[in-house]
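Spelled out, the chains give:
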Amino acid sequence: MPARTRPVEKIAKASAQCSAEVAAYGKCVVTDYNSVHKDMCAKEFIRLKNCYLAASKKG
Amino acid sequence: MLSYTFRSSLSRRSIAPTISLRTYASQTPGNPMLEVFNRKTKHLQKDRAARNVEGSRKVDYLKDEVAMRLCERLLVSNAPKGRVALARARKADIKRNFPHVLDLGANSCNIAKALTTPNPDITTPEGAVSPPLADKISKLTCVETSRALLHRDEELPFNNEIEIQRDIIPDLETLPYEPNSFDAVLSSLSIHWINDLPALLEQVNTILKPDAPFIAAMFGGDTLYELRGSLQLADMERRGGVSPHVSPLADVKDVGSLLNRAGFKMLTVDVEDIVVEFPDTFALMQDLQAMGESNAIMNRDSAPLSRDVLLANEAIYRNLHMEDGAPGIPATFRLIYMIGWKEGKNQAQPLQRGSGDVNLKEILGGGEFDRP
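Residues numbered from 1 in each chain as written. Chains lettered and ligands numbered in written order. Predicted model: local features only at pLDDT ≥ 70, side-chain atom pairs only at ≥ 80, totals over all residues.

- In the annotation of an unreviewed UniProt entry, the entry for chain B reads Methyltransferase type 11 domain-containing protein, and the organism field reads Penicillium antarcticum.

See the structure below:
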């Protein structure tokens, strides 16, 4: 019986397929990391999440 | 009129029976304890991690490495103390034996494993690989709170090379041993989970025999600073607030005074960074969990990190800390090594300040700095 895939492994696998979105979101937060506030990079995050959701459905 | 009221009030006050309602500020007996870490949570984490034997062995790389480095220090601290003595110890001119040693917070007896491994880096003057340190120790008592973790490696061959007694105690903060019973106390990667470190160090000092060393390694200050920082940013951006996901740790500069306060002499404290590369932050967090080293702070968020924060954290961590072209992300573990000796008769004393008559430059070499 193959070992159960843990949820965190699924997240890791799916997020690895979204490197462009990961980079864009990371860059957005880090450029102004002294004054981060809620939803500062909401647009970038939604893009990242959409890509992630699409990737996790495929995998 | 005025004088009358004054007098009457005065007399009334002096007659009235004085019922004392005054209370004194009092302290509850014993030391007030500051609880930083939830011991029950920590115990569960360790137990859970160790029950997955294979997974738990796979992430022993850090504990084994630190145990090895700690044992090297046992070798050096073993010799008569002092400047010349250090050089002598390096030549493996060691006489001291340790009949009974305590491993405080033994994890899976990683120190025993390290002690029985011959170290190819340390050679005798004849050039042969020095025998494993276990030869100098007659009996090792390993004490730990988690049964699953302590007994995990019971069947492995290293158990036959050194006499190990495994003790399980409910709480590492109260040690059930007699005063003056150990020739050395070792501790590797455990005491960073202790709530009351000063009290524990005092107990260690008590159970040591006079002129016996306490040698310990623990995670300190800047350990996992990358993860701490990027999780904070991810929390801020996604949830609008910060909650502690990485437990606080002692700082290097406090360790010296802690040892001093507990009555240790001839202190040595040094710091070493071990940087481990991981494919991504998920692997890092999984490994920490498998080591039983996940966050155990009091009042922590009992829900696991949300998927959104995990995703955000991955992106921020990569952006802040990954070097261009590197295959993975770095995670820094800062190890604080400490050595303290219990006071004993005829123990070497440190020399007075300013009494040195040898210029270190002549011994170590080195020249002037080039001034621009």
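Anyway, onward from the coordinates.
**Here's the deal with the overall build of chain A**
Link 1 in the chain: The secondary structure content of chain A amounts to 3 helices and 0 strands.
Link 2 in the chain: Beginning at the N terminus, the succession of helices and strands in chain A can be written as α-α-α.
Link 3 in the chain: Over its C-alpha atoms chain A spans a radius of gyration of 14 Å, topping by over 25% the 10 Å that the globule rule assigns to 59 residues.
Link 4 in the chain: Principal-axis analysis of the C-alpha atoms gives chain A an extent of 50 × 20 × 15 Å.
Link 5 in the chain: Taken over 59 residues, chain A has a buried fraction of 24%. (Helix = DSSP H or I, 4+ residues; strand = E, 2+ residues; numbered from the N terminus. Rg over C-alpha atoms; globule rule 2.2 N^0.38 Å. Buried ≥ 20, exposed ≤ 12 C-beta atoms within 10 Å, placed from the backbone.)

**Details of the interface of chain B and chain A**
Link 1 in the chain: Listed as interface residues are 19 residues of chain B and, on the opposing side, 21 residues of chain A.
Link 2 in the chain: If you list the elements that add at least two residues to the side of chain B that touches chain A, you get helix 9 (225-239), helix 11 (281-291) and helix 12 (307-321) of chain B.
Link 3 in the chain: Considering every element that reaches the side of chain B that touches chain A, the biggest residue donor is helix 12 of chain B, with 10 residues.
Link 4 in the chain: Grouping the amino acids of the side of chain B that touches chain A by side-chain chemistry returns 10 nonpolar, 3 polar and 6 charged. (Contact = placed C-beta atoms within 7 Å. Nonpolar A, V, L, I, M, F, W, Y, C, P; charged D, E, K, R; others polar.)

**Regarding the environment of L249(B)**
All names here are of chain B.
Link 1 in the chain: Its location among the elements puts L249 in the loop between helix 9 and helix 10 (252-261).
Link 2 in the chain: Accessibility expressed as a C-beta count within 10 Å gives 18 for L249, which makes it partly exposed.
Link 3 in the chain: Through-space distance from the C-alpha of L249 to that of Y177 is 27 Å; in sequence the pair is 72 residues apart.
Link 4 in the chain: Discounting residues that sit within four places of it in the chain, L249 has contacts with H192, F219, G220, G221 and T223.

**Some points on the nonpolar core**
Link 1 in the chain: Counting residues in hydrophobic clusters, the biggest one holds 89 residues, and the most contacted among them are Y25(A), L70(B), I111(B), L115(B), V185(B) and A217(B).
Link 2 in the chain: For this core, the element with the most residues is strand 7 (residues 329-342) of chain B, which contributes 8 residues.
Link 3 in the chain: In contact with A217(B), other than residues within four places in its own chain, are V66(B), L70(B), S188(B), L189(B), L335(B), I336(B) and Y337(B). (Core = buried A, V, L, I, M, F, W, Y, C linked by C-beta atoms within 7 Å.)

**Looking at helix 2 (residues 39-51) of chain B**
Each α-helix winds once per 3.6 residues, and so residues spaced three or four apart point in a common direction.
Residue and element names in this part refer to chain B.
Link 1 in the chain: With 13 residues, helix 2 extends 18 Å between its outermost C-alpha atoms, agreeing within 8% with the 18 Å of an ideal straight helix rising 1.5 Å per residue.
Link 2 in the chain: Inspection of helix 2 places K42, H43, Q45, K46, A49 and A50 among the buried residues, and these make up the whole buried set. What you see down the axis of helix 2 is that its buried residues fit within an arc of 160 degrees, all on one side. (Expected span 1.5 Å × (residues − 1). Arc of directions from axis to C-beta.)

**Considerations on the environment of A199(B)**
Link 1 in the chain: With respect to the secondary-structure elements, A199(B) resides in helix 8 (residues 197-207).
Link 2 in the chain: Between the alpha carbons of A199(B) and E173(B) there is a distance of 7.8 Å; along the sequence they are 26 residues apart.

**Describing the environment of K38(A)**
Link 1 in the chain: Locating K38(A) in the fold gives a position in the loop between helix 2 (19-31) and helix 3 (42-58).
Link 2 in the chain: The contact partners of K38(A), leaving out residues within four places of it in the chain, are E237(B), R239(B) and G240(B).

**Overview of the sheet that holds strand 1 (residues 98-104) of chain B**
Residues and elements named next belong to chain B.
Link 1 in the chain: Spatially, 3-2-1-4-5-7-6 is the arrangement adopted by the 7 strands of the open sheet, whose pairing is mixed. The open sheet is flanked by strand 3 (163-168) and strand 6 (264-278), the only strands paired with a single partner. The sheet shows a mean angle of 20 degrees between the axes of neighbouring strands, taken without regard to direction. (Pairing = 2+ DSSP bridges. Axes fitted to C-alpha atoms, helices over the stretch in contact; angles between N-to-C directions.)

**A closer look at unusual backbone geometry**
Residues and elements named next belong to chain B.
Link 1 in the chain: Positive phi outside glycine occurs at C109, with the angle close to 60 degrees.
Link 2 in the chain: Mapped onto the elements, C109 comes out in the loop between strand 1 and helix 6 (110-115).
Link 3 in the chain: Even without being glycine, N346 reaches a positive phi, approximately 55 degrees.
Link 4 in the chain: Within the secondary structure, N346 sits in the loop between strand 7 and helix 13 (360-364).

**With respect to the packing of helix 2 of chain A against helix 3 of chain A**
Residue and element names in this part refer to chain A.
Link 1 in the chain: Relative to each other, helix 2 and helix 3 sit at 155 degrees, their axes nearing to 9 Å. As the angle between them shows, helix 2 and helix 3 are arranged roughly antiparallel. Judged by the sense of rotation from one axis to the other, the crossing of helix 2 with helix 3 is left-handed. Residues E21, V22, A24, Y25 and C28 of helix 2 lie in contact with helix 3, whose contacting residues are E44, F45, R47, L48 and C51.
Link 2 in the chain: The residue inventory of the contact of helix 2 with helix 3, partitioned by class, reads 7 nonpolar, no polar and 3 charged. (Parallel < 35°, antiparallel > 145°, perpendicular 65-115°, else oblique. Left-handed = near helix turned anticlockwise from the far one by under 90°.)

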